[in-house]
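Coordinate analysis (summary)
Letter by letter, the chains look like this.
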Amino acid sequence: MSARILLVGEFLTAKSGGYPPPKRFMDLLMLKPQLRRPQQTQTAKAELLPFG
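The rules we used
Residues numbered from 1 in each chain as written. Predicted model: local features only at pLDDT ≥ 70, side-chain atom pairs only at ≥ 80, totals over all residues. Heavy atoms only, no water. Helix = DSSP H or I, 4+ residues; strand = E, 2+ residues; numbered from the N terminus. Buried < 20%, exposed > 50% of the residue type's maximum accessible area, 1.4 Å probe, protein only. Salt bridge = Lys/Arg side-chain N within 4 Å of Asp/Glu carboxyl O. pLDDT = per-residue confidence, 0-100. Axes fitted to C-alpha atoms, helices over the stretch in contact; angles between N-to-C directions. Parallel < 35°, antiparallel > 145°, perpendicular 65-115°, else oblique. Left-handed = near helix turned anticlockwise from the far one by under 90°. Contact = heavy atoms within 4.5 Å. Nonpolar A, V, L, I, M, F, W, Y, C, P; charged D, E, K, R; others polar.

Of the regular secondary structure elements, the protein chain holds 3 helices and 0 strands. Each helix (α) and strand (β) of the protein chain, taken in turn from the N terminus, gives the series α-α-α. When each of the 52 residues of the protein chain is scored for burial, the buried share is 10%.

As enumerated under the stated definition, the model contains 1 salt bridge in all. Its salt-bridge partner being Lys23, residue Asp27 comes within 3.2 Å of it at the nearest N-O pair. Taken together, the residues Asp27 and Lys23, both in helix H2 (residues 23–30) and 4 residues apart, mark about one turn of the helix.

A separate point is the confidence of the model for the protein chain. Taken residue by residue, the protein chain gives an average pLDDT of 80. The fraction at 70 or more is 60%. When mean pLDDT is compared element by element in the protein chain, helix H1 (residues 3–15) scores highest at 93, while helix H3 (residues 42–48) scores lowest at 62.

This paragraph deals with the packing of H1 against H2. Viewed as axis vectors pointing N to C, H1 and H2 meet at an angle of 125 degrees, and their least axial separation amounts to 11 Å. It follows from the interaxial angle that H1 and H2 lie oblique. Relative to H2, H1 is oriented so that their crossing is right-handed. Side by side, H1 and H2 meet where Arg4, Ile5, Val8, Gly9 and Leu12 of the first sit next to Phe25, Met26, Leu29 and Met30 of the second. Along the lines of polarity and charge, the residues of the contact of H1 with H2 split into 7 nonpolar, 1 polar and 1 charged.

The structure is reproduced here in structure tokens:
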């Protein structure tokens with residue numbers, strides 16, 4: 001098990017009054033990406049292309 005799963009499980013257990021979170025909920029929660037990378041703008045992408 002990863003440290004992230006353990007920390008989230010402990011956090012949710014503390015918030016729910018001692019009840020562990022359902023496994024299905026934890027699985028769905030862990031499917032989400034941790035952080036989203038900032039999207040490059042179209043002009044930044046256009047500068048990388050060798051056309052023109």
